[in-house]
Amino acid sequence: MKLSSSHCLIVLLTLAVIGTIYPQSTQGNSKRPEFVQPEQAIAVYGPDFHPMPYRPEGQRHTMQTYTITPQGNDSNCDFLAVANGIQNIGGDGSHAYRMARALVPQQPRDFRESYYTLLGAQGSDQRFSLDNLGAAPAAFVGVYEALGYNAVMLGTTPHVVDAAFARAIYDRLAAQPMQSFAHLWITPRPYNPRARVLHVAETGEQADLLYPYHEVAAMVSPDQPDRVVILDGLVGYAYTLSLDELAHYLRGFNQVIIVSTTIGGLPEHQHIQRAVQGQPYVVPTLGSVFLTTARQTWGPAYRQWGEVIGQPFRANAGDAPTVVLPGRYVWYERAGSGDPTFIPLGAWKWQELHQAGIIQSAWPEAGQEPPLVNGIHAWVMNQFGTEAQFTHAFGRVLSPEFWVSHEQMQSIILRGLPVAPVDAHPGQGYICVVTERAVLAWDAQQGVLIIPLGQVYYERP
């Protein structure tokens, strides 16, 4: 087919635009790609931000190239960071983009859950502004797990430039340079840490909203030590930052998610997620739909009873994997993009105690639950106001009161896990009650305590 001169001109102009947004190679070329910053890029970086494109060192045939999806004047930098990161470690970026939008709730709530990621006319597809922002780090707790990747949240003190934090991020990426990336929340320019104060209805909390901020993916290239490669749809081409620059960019949130490909099967993945606990900068975070569930379950006491102690992990695989977020008292469980529920840890413990002959009563039918009595009933009323609120949080009662010795408490209920209130008061044993999600124990010396079953099963699986 013969092309007319006008057709040839259109083709050449199209190829020129594509080459600007997706530079195929910058090897041996020191010129910056031509790029006109959209309105959001100016808000984030300022009008004079024109970083040099990433160029691999040397004249090698195996140079690394990066795919970057461009962004317009909208607030979808959060989902684009997911897509760009996953695409460049060998995954399907387009699929990850679509799934992330399903996994992060499209609700106008506290930005640590899903703030202003709404779909539609008033949502994240509209122009970037203080009223239309992407989601903050905690909104992505469990998202990468549901997408099939290992993920760990790193954090340090907000609003402080922490060079060691930037180094820790680099070291984790350098350990798997082509199989890992960082989802970064950056604030290159001066920002207002309390640009808006949000009210949380369930708890009465005030949640500060930082502005402006932006989300990008970052990787490391083996040929450029001590620098990170930034993949940003607003810039349109890969560029690098020194670790000092990175520390300055991160200071607003100082939270990062490190994502890596899964090596091995489900047991290996779970081992990786558990093994990171206690490492420098690793923080367990209650966020996204798990935070919503905790606030709606416990109200102002959600920090106490809903406290999390580990990174999320996949409990099963498949097209819609179940992601578990372990807490001290409960485990949150989310199947696919559905709402979280609580794993019945108390029911697990009921089975163990029943098999050991300690609980001799049968599993109660619905409507036939044993009543709470005596000191345990008084404690429940004092802590939760009503029995209905207690059972809403910890499930229906499964056993009448029964007695265990101090040794049985340590070996069977706690599985050998040290728990200070138990270890400090050997006493003469405990009167206990099991609910679907909890074990309540009473002794004369200290009254009632809820056994931290979440920690027991996390540390003594």
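Structure first, text after, so check above.
What counts as what
Residues numbered from 1 in each chain as written. Predicted model: local features only at pLDDT ≥ 70, side-chain atom pairs only at ≥ 80, totals over all residues. Heavy atoms only, no water. Helix = DSSP H or I, 4+ residues; strand = E, 2+ residues; numbered from the N terminus. Buried < 20%, exposed > 50% of the residue type's maximum accessible area, 1.4 Å probe, protein only. Contact = heavy atoms within 4.5 Å. Areas by Shrake-Rupley, 256 points an atom, 1.4 Å probe, with all protein chains shown as cover. Salt bridge = Lys/Arg side-chain N within 4 Å of Asp/Glu carboxyl O. Pairing = 2+ DSSP bridges. Axes fitted to C-alpha atoms, helices over the stretch in contact; angles between N-to-C directions. Arc of directions from axis to C-beta. Core = buried A, V, L, I, M, F, W, Y, C linked by side-chain atoms within 4.5 Å. Polar contact = N/O pair within 3.5 Å; in protein donor to acceptor, adjacent residues only side chain to side chain.

Draft legend 1. Looking closely at the overall build of the protein. Regarding its fold elements, the protein presents 16 helices and 16 strands. Relative to its 461 residues, the protein shows a buried fraction of 53%. Within the protein, counting contacts between residues at least 6 apart in sequence, those at least 24 apart form 69% of the total. Of the roughly 19,700 Å² that the protein leaves accessible, carbon and sulfur atoms contribute 54%.

Draft legend 2. Region of the structure containing the environment of Ala 356. Assignment of secondary structure puts Ala 356 in the loop between helix 11 (345–355) and helix 12 (374–384). Here Ala 356 falls in the partly exposed class, since its relative accessible area comes to 46%. Along the chain, Ala 356 and Ile 412 lie 56 residues apart, while their C-alpha atoms are 8.6 Å from each other.

Draft legend 3. A look at the pattern of salt bridges. In this structure the tally under the stated criterion is 16 salt bridges. Put simply, Arg 109 and Glu 202 hold a salt bridge, and the shortest N to O gap is 3.1 Å. On the criterion of sequence distance, the pair formed by Arg 109 in the loop between helix 4 (93–103) and helix 5 (143–146) and Glu 202 in the loop between strand 3 (192–199) and strand 4 (206–211) is long-range, its members being 93 residues apart. The partner of Arg 194 in a salt bridge is Asp 208, with the nearest N and O atoms 2.9 Å apart. Placement of Arg 194 in strand 3 and of Asp 208 in strand 4 is noted, with a sequence separation of 14 residues between them. Its relative accessible area of 32% is what places Asp 208 among the partly exposed residues. Connected via shared salt-bridge partners are Arg 109, Asp 110, Arg 112, Glu 113, Glu 202, Glu 205, Arg 295 and Arg 303.

Draft legend 4. Region of the structure containing the sheet that holds strand 16 (residues 447–450). Taking strand neighbours across the sheet as the criterion, the four strands line up as 13-14-15-16 in an open arrangement whose pairing is antiparallel. Pairing within the sheet leaves two strands with one partner each, and these edge strands are strand 13 (402–404) and strand 16. Direction aside, the axes of adjacent strands within the sheet are offset by 35° on average. With four bridges joining them, strand 14 (residues 430–434) and strand 15 (residues 439–443) adopt antiparallel strand pairing. If you follow Cys 432 over to strand 15, its bridge partner there is Ala 441. Its contacts with the sheet place helix 14 (residues 406–413) against strand 13, strand 14 and strand 15, and it is angled at close to 90° to strand 13.

Draft legend 5. Expanded view of the environment of Ala 151. Tracing the backbone through its elements, the reader meets Ala 151 in strand 1 (residues 150–155). Along the backbone, Ala 151 and Ile 258 are 107 residues apart, and their C-alpha atoms lie at a distance of 5.5 Å. Among all residues touching Ala 151, those that are not within four sequence positions of it are Tyr 144, Glu 145, Ile 257, Ile 258, Gln 273 and Gln 311.

Draft legend 6. The arrangement of the sheet that holds strand 10 (residues 322–326) in detail. Reading across the sheet, the four strands line up as 9-10-11-12 and stay open at both edges, with antiparallel pairing between neighbours. Each of the sheet's edge strands pairs with one partner strand only, and the pair in question is strand 9 (313–314) and strand 12 (341–342). In this sheet, strand 12 lies alongside strand 11 (residues 331–335) in antiparallel orientation, the contact comprising two bridges. Directly across from Tyr 332, in strand 12, lies its bridge partner Phe 342.

Draft legend 7. Structural detail: helix 14. Buried within helix 14 we find His 406, Met 409 and Ile 413. Burial along helix 14 is one-sided: seen end-on, the buried residues are contained in an arc of 95°. Looking at the packing, one finds that the buried side of helix 14 touches helix 11, strand 13, helix 15 (420–424), strand 14, strand 15 and helix 16 (453–459). Of the residues one or two after helix 14, Arg 415 is the one with positive phi, at around 55°.

Draft legend 8. A look at the nonpolar core. Residues Phe 140, Trp 298, Tyr 332 and Phe 394 are the most contacted members of the largest nonpolar core, which totals 72 residues. Residues in contact with Phe 140, not counting those within four places in the same chain, are Asp 78, Phe 79, Val 82, Val 104, Ala 135, His 183, Trp 185, Glu 215 and Ile 257.

Draft legend 9. Representation of the side chain of Thr 292 within the structure. Here Thr 292 shows up in helix 9 (residues 288–298). Leave out the neighbours within four places in its chain, and Thr 292 touches Arg 109 and Glu 113.

Draft legend 10. Spotlight on unusual backbone geometry. The amide bond that connects Tyr 211 to the next residue, Pro 212, takes the cis arrangement and shows omega of -5°. As for its position among the elements, Pro 212 is in the loop between strand 4 and strand 5 (214–219). For Asn 254, which is not a glycine, the phi torsion comes out positive at approximately 50°. Relative to the helices and strands, Asn 254 is located in the loop between helix 7 (243–250) and strand 8 (255–260). For Asn 254, a relative accessible area of 0% translates into the label buried.

Draft legend 11. Main features of the environment of Tyr 45. In this structure, Tyr 45 sits in helix 2 (residues 39–45). At 2.5 Å, the side chain of Tyr 45 and the side chain of Asp 232 are in polar contact.

Draft legend 12. Here's a closer look at the pairing of strand 15. In terms of residue burial, strand 15 counts as a mostly covered element, since four of its five residues are buried. Taken together, strand 14 and the strand that follows it, strand 15, pair antiparallel across an intervening segment of four residues. Two elements, strand 15 and strand 16, share four bridges in a ladder whose sense is antiparallel. The residue bridging Trp 442 from the neighbouring strand is Val 448, located in strand 16. Here strand 15 folds back onto strand 16, and the loop between the two strands holds three residues.

All quantities given are derived from atomic positions and should not be read as evidence of function.
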